Structures are given as C-alpha cells and as structure tokens.
Amino acid sequence: MIKEHFDKLMYHTAIVTALCAIIVFGWQLRMIPLLNNPILELQRDSDFHYRICIELLTTGKIPSIDKLSIYPIGKKIFEECPPIFYYATVAFHHLAAFLLKIRDLKANIFSFNSLCGALMAVPVFLTTFSITRRNYLALIAAFASVTLPLGITRSYANFYRPEVLGSVLFLMSFSFLIRAINAGKPVRAAAEIILSSVFLVLAIGTWRMNILFFVILSFAMLLTVILLKERKNLCVFYLALSAGYLSSCSLFPYLQAHKYIFSVSSFFIISTALFMLLYLWFLKVRKISLPIFSKTIAAILCIVIGLSISFFLIKYDPFASLENTSFSVVKLVIAEWFNNPDILTAEDRIIKFAGETPPMQISDFVERWGYSWAIILLLLYFYANYLTKGRELLEESHLLVF
C-alpha cells in the first residue's frame, strides 16, 4: 500500500515537473529578443501601458488622464482601460524586487509579459486532461500552446499589452467550466464553476475583448443546451457565469463609464440567461425534456426580445458612438488595404492608419507554421475523441471545445 502511494506520488510529481519545464521553456522562448538587444524597447502601444505602470508605482493609483496619448486632450485612462492588468504588473514588480532584488520596472515587465504568455500552458493542460483523462496528451497540448509561432510573436517580452494576461485568465475560466462539466460530485462542480466565474471577472477586468469571447462562449453554451437533452447543470453553470459578467459591468469603472450593462453584448447574455432560467423552470414543472425545435424557438424569442430592448436603449449608451467609429475605421482600413498591399496583416494596417508605430512585419513562413500548429491541435483533439470513444461524443465539453 505504501509503495503504491509512493509510486502515485512520484508519477504526479513527474507530471507537475514536466508542466513546469514547459512553462519555463515558453518563458525563456519569449525572452529571446533580449539576447540580441539587451536594451530592447517596448513595441507599439506598450509604452502607453508602461507609463500607466510608472504612475501607479509612484502615486499608488492609476492616472485619470494620460496627456501623451491623444493630443491635446489626453486619454481618459480611468474610463478606457481595464485596471487589473496594471495592478498585476506592479504586484509582480514588487515581488521581483523583494525576492530577486530586481528593481528595474522595464526589466520586470519583460519577465512578467513573457511569463504570462508561457502560463497559457496551464489552462490548456487542465482542459485537455479534463476531456481526455490522459496526462501525456495534456502535456503535448500544453507544449504546443506555448510554441505556437503566432502566439509567441504576440507575447514577446517587449510586446506588453493586456491581451497576453487577459487571454490566460479567460482560458482559465473556460478550463474550470470544462472541469465543472466533467466533475462527478456536485460540491466539486460548484467549486469549479465559482472559480470559473472569478476568473471571468478577472479576465474582463484585464482585457475588454474577453467580453466578445464570453458572448461567443454564451452562444456555444446555448447551442449545446438546445442540441442535448436535460443539461440542467450547464444551465446552472451559465447562470453563474452570466452573474460574474454582470457583476463586472458594475464593478469596473471603465465598464461603468460606457454603460456596458446596456450594450448589445449584455442584452444577448441576459437573454441567454433568461432562456436558461425558463428551461430549468420547465424541466422542474413538466419533468420532461423539450424537443430541439421547441428549444430553438424559445431561445430565438428570448434573444429577439432582449436585443429589441437593447436597440431601444442603445441611444443612451455613450459606447455606441465608439462602436460606430470602429465601423468607420474598418472602411478606412479596407481602403488602405488596396492602396498598400505590401503590409501583411489587418492589424498592421490599423496600426499604420493610426500612425502609432511602424507596422510589425510577420513573414508568411511564421504565419503558415502557426496554421500548421493549429491543424496539429485539431488532429490531437480528434485523436483524443478516438481514444475516448466509449464516452458519448456529443457531450458538453466536446461541443464547447469545438
């Protein structure tokens, strides 16, 4: 018995060690630009985020306006930028100064950004293992996630932007959702979904694009409930996540400033939550499952009602004007596309149009390798399904991951 426990302990220790080695490898991989240029400068709008961190470090609070951003009025930081990204950076700086005696903020930013990119391995490992129950597949997926060429270029040491940490936090939320779905015990499932909601709030407070990702996840969960029978747990899980999102809208000042609670995204999420509530009520009262057609009609009605209300209230939403401006930018970007076909990515065209910094060229070779890794991950996913063919293929975790 003792030997069996010891062998099990050594096995888990080896798995954790391998995962830590993958994270360290991904961390150092993103620090490579420092080898050729020890005084590496920050890329694109990273200097803007760097200035906010300096202000937070010296005054203890995020500045209300950055005078150097938009001349001459400046940029309203308190109303535009998610705060957790800056607080996390300064906390890492204090930790590095205390443990490693490194007090250079820019050097600690390089390390922090690289580490965040490498930590992508953790949610990928947890999600893959939760579905496949095979550690070696989870380790392969974790290694692939930190070596994606396009992922590396978006999380280099000097590419200091909130999307790096924000992506990790959202994937952690998604990972705990998958673990809650596959949890056998109600207490464990409740703990997992609470953690998922907490990470969702942190993700939204780090990078605003996570709101769009949660809308996509909402649609996926809605589709899963429609296609599958009596998925009460998924309805409950979504209600918990939507509560986390709505709490974010009232918690973070930049979401309050633009009244995100009245946005189209919010009303879609609220409409989906309303459908989940009605479906749970129907299952409790009638104790029978609705056919797919009836669930589809009910979901469409809830969404149409919710979006109609949002379109009625959108005129009170200051963020609507910003959304309209974004459409204008897209039109100008398309025009720039035809005028300057030598610039590769759409993002580079936006950067060039904005006139912030010279566009970062990404070679076709790197892009194609990025797509190749994506194909490898898809093949790994279907291989995992083949190994778990004893389980039902159409289940929550498989649909959501897909």
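Throughout, residues of each chain are indexed from 1 in the direction in which the sequence is written. Predicted model: local features are reported for residues with pLDDT of at least 70 only, side-chain atom pairs are reported and counted for 80 or more only, and whole-chain, interface and lining totals are derived from all residues. Hydrogen atoms and water are omitted, and side-chain values are computed over all heavy atoms in the structure.

Helix and strand assignments come from DSSP, with helices taken as H or I runs of at least 4 residues and strands as E runs of at least 2, each series counted from the N terminus. Scanning the protein from terminus to terminus reveals 20 helices and 2 strands. Only protein chains enter the area calculation, which uses a 1.4 Å probe; residues under 20% of their type maximum are buried, those over 50% are exposed, and those in between are partly exposed. The buried share among the 402 residues of the protein stands at 47%. Residue contacts are counted whenever heavy atoms from the two residues lie within 4.5 Å of one another. Contacts in the protein between residues far apart in sequence, at least 24 positions, make up 73% of those at least 6 positions apart. Here the accessible surface of atoms and residues is derived via Shrake-Rupley with a 1.4 Å probe, and residues count as covered only by protein chains that are part of the display. On the protein, roughly 21300 Å² of surface is accessible, and the fraction owed to carbon and sulfur atoms is 72%.

The length a helix should cover is 1.5 Å for every residue beyond the first. With 12 residues, helix α7 (residues 121-132) ought to run about 16 Å at 1.5 Å a step, and its terminal C-alpha atoms sit 16 Å apart, in line with that. The buried count for α7 comes to 10 of 12 residues, which makes it a mostly enclosed element. Just past α7, the residue R133 takes up positive phi, approximately 60°.

Right, let's get into the packing of helix α11 (residues 186-204) against helix α13 (residues 232-251). Contact pair α11 / α13: the axes reach a minimum separation of 9 Å and the direction vectors enclose 30°. Taken as axis vectors, α11 and α13 run roughly parallel relative to one another. Viewed along their axes, α11 and α13 form a crossing whose handedness is right-handed. Contact residues: α11 offers A189, I193, S196, S197, L200, V201 and I204, while α13 offers F237, A240, L241, G244, Y245, S247, S248 and L251. Polar here means any residue other than Ala, Val, Leu, Ile, Met, Phe, Trp, Tyr, Cys and Pro, which are nonpolar, and Asp, Glu, Lys and Arg, which are charged; Gly is therefore polar. Residue composition of the contact of α11 with α13, by class: 10 nonpolar, 5 polar and no charged. Structural elements are reduced to axes, namely lines fitted to C-alpha atoms, with helices fitted over the stretch in contact, and the angle between N-to-C directions of any two is expressed from 0 to 180 degrees. When describing relative orientation, an angle under 35 degrees is termed roughly parallel and one over 145 degrees roughly antiparallel, while 65 to 115 degrees is termed roughly perpendicular and anything else oblique. In this scheme the crossing of two helices becomes right-handed for a clockwise turn of the near helix relative to the far one and left-handed for an anticlockwise turn of less than a right angle.

This part takes up unusual backbone geometry. The phi dihedral of K101 is positive, around 60°, even though this residue is not glycine. In this fold, K101 is placed in the loop between α5 (84-99) and α6 (105-118). Take K101: its relative accessible area is 54%, and that puts it in the exposed class. Residue R133 is not a glycine yet carries a positive backbone phi of 60°.

We count a salt bridge whenever a side-chain nitrogen from Lys or Arg sits within 4 Å of a carboxyl oxygen from Asp or Glu. As enumerated under the stated definition, the model contains 5 salt bridges in all. Two residues, E163 and R161, come together in a salt bridge whose shortest N-O distance is 3.5 Å. The same class applies to E163 and to R161, which are both buried. Put simply, E192 and R188 hold a salt bridge, and the shortest N to O gap is 3.5 Å. With E192 and R188 both in helix α11, this residue pair falls 4 residues apart, about one helical turn. Classification of E192 by relative accessible area gives buried; the value is 6%. Of the residues examined, R188 reaches a relative accessible area of 36% and is grouped as partly exposed.

Now for a nonpolar patch on the surface. Residues form patches when they are more than 30% accessible in relative terms and have no salt bridge. Like charges link within 9 Å. Nonpolar side chains (Val, Leu, Ile, Met, Phe, Trp, Tyr) link within 5 Å. The grouping of L95, F98, L99, L100 and I102 at the surface amounts to a nonpolar patch, some 540 Å² of accessible area in total. As for its placement among the helices and strands, L100 is situated in the loop between α5 and α6. Owing to a relative accessible area of 58%, L100 belongs among the exposed residues under this scheme.

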